[in-house]
Amino acid sequence: MQDEPPIAIIGAGPVGLAAAAHLLARGLPVKLYEAGGGVAASLRDWGHIRLFTPWRYCIDEAAGRLLEGHGWRMPDAEAFPTADEIVAHYLEPLARVPELSSVIETNARVVAISRWGADKVRGKARAGRPFMLVVETADGIRRDSARAVIDASGTWRTPNPLGAGGIEAEGESEFGDRIAYGIPDVLGRDRALYAGRTTLVAGSGHSAANALLDLARLADAAPETVFLWAVRGTDLVRIYGGGDADQLPARGELGADVRDLVESGRASLATGFATVVIRQRDGRLIVEGQGEAGLAQLGPVDRIIAATGQRPDLSLTRELRLDLDPWLEGVRALGPLIDPNEHSCGDVPPHGHRELGHPEPGFYTVGIKSYGRAPTFLLLTGYEQVRSVAAALAGDMAAADAVQLVLPETGVCTVPAGGASQSCCGGPAPAAIDACCVADADAKAAGKSGCGCAGKMEAAE
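Attention in this report is confined to the structure presented alongside it. (Residues numbered from 1 in each chain as written. Predicted model: local features only at pLDDT ≥ 70, side-chain atom pairs only at ≥ 80, totals over all residues. Heavy atoms only, no water.)

## Quick notes on the overall build of the protein chain
Link 1 in the chain: Across its full length, the protein chain carries 15 helices and 18 strands.
Link 2 in the chain: Put simply, the protein chain has 461 residues, and 53% of those count as buried.
Link 3 in the chain: In the protein chain, 68% of the contacts between residues at least 6 apart in sequence involve partners at least 24 apart.
Link 4 in the chain: Counting only carbon and sulfur atoms, one obtains 50% of the accessible surface of the protein chain, whose full area is about 19,900 Å². (Helix = DSSP H or I, 4+ residues; strand = E, 2+ residues; numbered from the N terminus. Buried < 20%, exposed > 50% of the residue type's maximum accessible area, 1.4 Å probe, protein only. Contact = heavy atoms within 4.5 Å. Areas by Shrake-Rupley, 256 points an atom, 1.4 Å probe, with all protein chains shown as cover.)

## Digging into the pairing of strand 13 (residues 284–291)
Link 1 in the chain: With 6 of 8 residues buried, strand 13 is to be regarded as a mostly interior element.
Link 2 in the chain: Inspection of the sheet shows strand 12 (residues 274–281) paired to strand 13 by 7 bridges, in the antiparallel sense. Looking across to strand 13, one finds that A274 is bridged to Q290.
Link 3 in the chain: Turn length for the strand 12-strand 13 hairpin, with the two strands adjacent in sequence and antiparallel, is 2 residues, and the turn residue D282 shows positive phi of about 55°.
Link 4 in the chain: Of the strand pairs in this sheet, strand 13 and strand 14 (residues 294–301) are connected by 6 bridges, and their pairing is antiparallel. If you follow G291 over to strand 14, its bridge partner there is G294.
Link 5 in the chain: With antiparallel pairing between neighbouring strands as the criterion, strand 13 and strand 14 make up a hairpin whose turn holds 2 residues. (Pairing = 2+ DSSP bridges.)

## With respect to helix 7 (residues 206–221)
Link 1 in the chain: Along its 16 residues, helix 7 runs 23 Å from first to last C-alpha, staying within 8% of the 22 Å computed at 1.5 Å per residue.
Link 2 in the chain: Every buried residue of helix 7 is listed here: A208, A209, N210, A211, L212, L213, D214, L215, A216, L218 and A219. (Expected span 1.5 Å × (residues − 1).)

## Observations concerning the nonpolar core
Where a protein is soluble and globular, its nonpolar side chains tend to be buried together.
Link 1 in the chain: Ranked by internal contacts, the top residues of the largest apolar core, which has 64 residues, are L17, L23, Y90, L100, I150, V366 and L393.
Link 2 in the chain: V186, L236, V258 and L261 belong to the second-largest nonpolar core, a separate cluster that totals 24 residues. (Core = buried A, V, L, I, M, F, W, Y, C linked by side-chain atoms within 4.5 Å.)

## Here we look at the pairing of strand 2 (residues 30–33)
Link 1 in the chain: With 4 bridges connecting them, strand 1 (residues 7–10) and strand 2 associate as parallel partners. Looking across to strand 2, one finds that I7 is bridged to V30.
Link 2 in the chain: In this view, the connection linking strand 1 to its parallel neighbour strand 2 by way of helix 1 (residues 14–25) has right-handed handedness.
Link 3 in the chain: Here strand 2 pairs with strand 3 (residues 104–105) via 2 bridges, running parallel. Counted as the bridge partner of L32 is I104 from strand 3. (Right-handed = clockwise from strand over helix to strand, strands pointing away.)

## Focus: the environment of M397
Link 1 in the chain: Residue position: M397 is located in helix 13 (residues 397–401).
Link 2 in the chain: A C-alpha to C-alpha distance of 9.6 Å links M397 and H353, two positions 44 residues apart in sequence.
Link 3 in the chain: With residues near it in sequence (within four places) discarded, M397 still touches H353, R354 and A392.

## Quick word on the sheet that holds strand 14
Link 1 in the chain: On the basis of which strands lie adjacent, the open sheet formed by 3 strands has the order 12-13-14 and antiparallel pairing. Across the chains shown, the open sheet's two edge strands, defined by having one partner strand only, are strand 12 and strand 14. Direction aside, the axes of adjacent strands within the sheet are offset by 25° on average. (Axes fitted to C-alpha atoms, helices over the stretch in contact; angles between N-to-C directions.)

## Looking at the packing of aromatic side chains
Link 1 in the chain: Counted according to the given criterion, the structure contains 3 aromatic pairs.
Link 2 in the chain: With a centroid separation of 6.4 Å and 50° between ring planes, the pair formed by W46 and W156 is classed as tilted. One end of the pair, W46, is in the loop between helix 2 (41–45) and helix 3 (61–68); the other, W156, is in the loop between strand 7 (148–151) and strand 8 (179–181), with 110 residues separating them in the sequence. Judged on exposure class, the residue W46 and its partner W156 are both buried.
Link 3 in the chain: Ring geometry for Y371 against F377: centres 5.2 Å apart, planes inclined by 85°, an arrangement best described as edge-to-face.
Link 4 in the chain: With relative accessibility at 0%, the residue Y371 sits in the buried group.
Link 5 in the chain: A cation over an aromatic ring shows up here: R56 above the ring of Y57, its NZ or CZ 4.5 Å from the ring centre.
Link 6 in the chain: In this structure, R115 is placed above the aromatic ring of F131, and the distance from its NZ or CZ to the ring centre is 3.8 Å. (Phe/Tyr/Trp six-rings, centres within 6.5 Å; stacked < 30°, edge-to-face > 60°. Lys NZ or Arg CZ within 6 Å of the ring centre and 35° of its normal.)

As structure tokens, then:
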């Protein structure tokens, strides 16, 4: 119908742009909102970082076809791009093609979503009411209509606090000008803040690893540069990784290099450290927390890098009926499959529109936001998500349900308490296989796509 409102996509990152490409390929009207001044604004924040996935894992199929129709050629499929190169050689050219450029609005922040004339409580004829998006721009606030909404807004802009309880540590706001969340450009634009100074890096993921390695390179050039490392846990298998067994060699190398920093004594490591208070002493910072042996202090330091992960912004969808995992805050169906308390390698079975939808008809959470607080997300996962969602919105349920996902293995294994059996990402123990098959059968009986046992044997973050 000509007057039918478009399908709204929130966030013009890799997954949001891929969603638009899939919808346009199916002839569906689209409106893509980006809060930043250009597409992929979040990637630009860590543009200096080289990905551990080669180009062949970074390009969405529908987006690639759209680009190739305008003469674009993919860079070397086996080369490892930086985030800046992903933006410059893939996402910006994608956003410039006429089909997409006409539907993208930058500097347009969606601050709330509801239904026209119906809050969260009202159920009568709810599905028949268009979505209402409250959009904030330089010209003011307006309200737009949408037939469906795909939330690909990510989690980068809502970092977890340094405080170990999920709440800001005492003094965290007061000394916020000396705390960087994420991955600062230590060797580039932020060099003057770190050269010749002492920095505490907090976190046990790939962001922390990159920050530590950059600080080590900086120390080679500026010998007075010192860095400390604090992690809340005591098991570093997730960051050290699978080494040579990792099917993404750059990821395995990243973990091995960080291990070398610790074992060589270049990085002083405090494990089991839960930050509680940040204080100032003689112009420098002292970080106090609960350590393995009781109360402990780290410092004095000049700066802190909080590589403690991100969380979804739930205020955006407060007036929608969502089904969220109670502790990860991602979509409920994925929660048990990606819980970092249970999954060291982030393996996830194939999933699509059925798992990503909510009791609110026509609303989907995709991309890293679908994982909530879990950090184990790969672009390939998001691309398959939006392919399935686009097919469902087009009414092609056969394609929507035919989800497939094969991700490279980490080579990391975990041994349960007692050490009775070993479960590897590339080859789960028999009990894990049985559990997968049972879950798969149950899901399909309920009309969902299921996990796909055959695919799960080869699926890992």
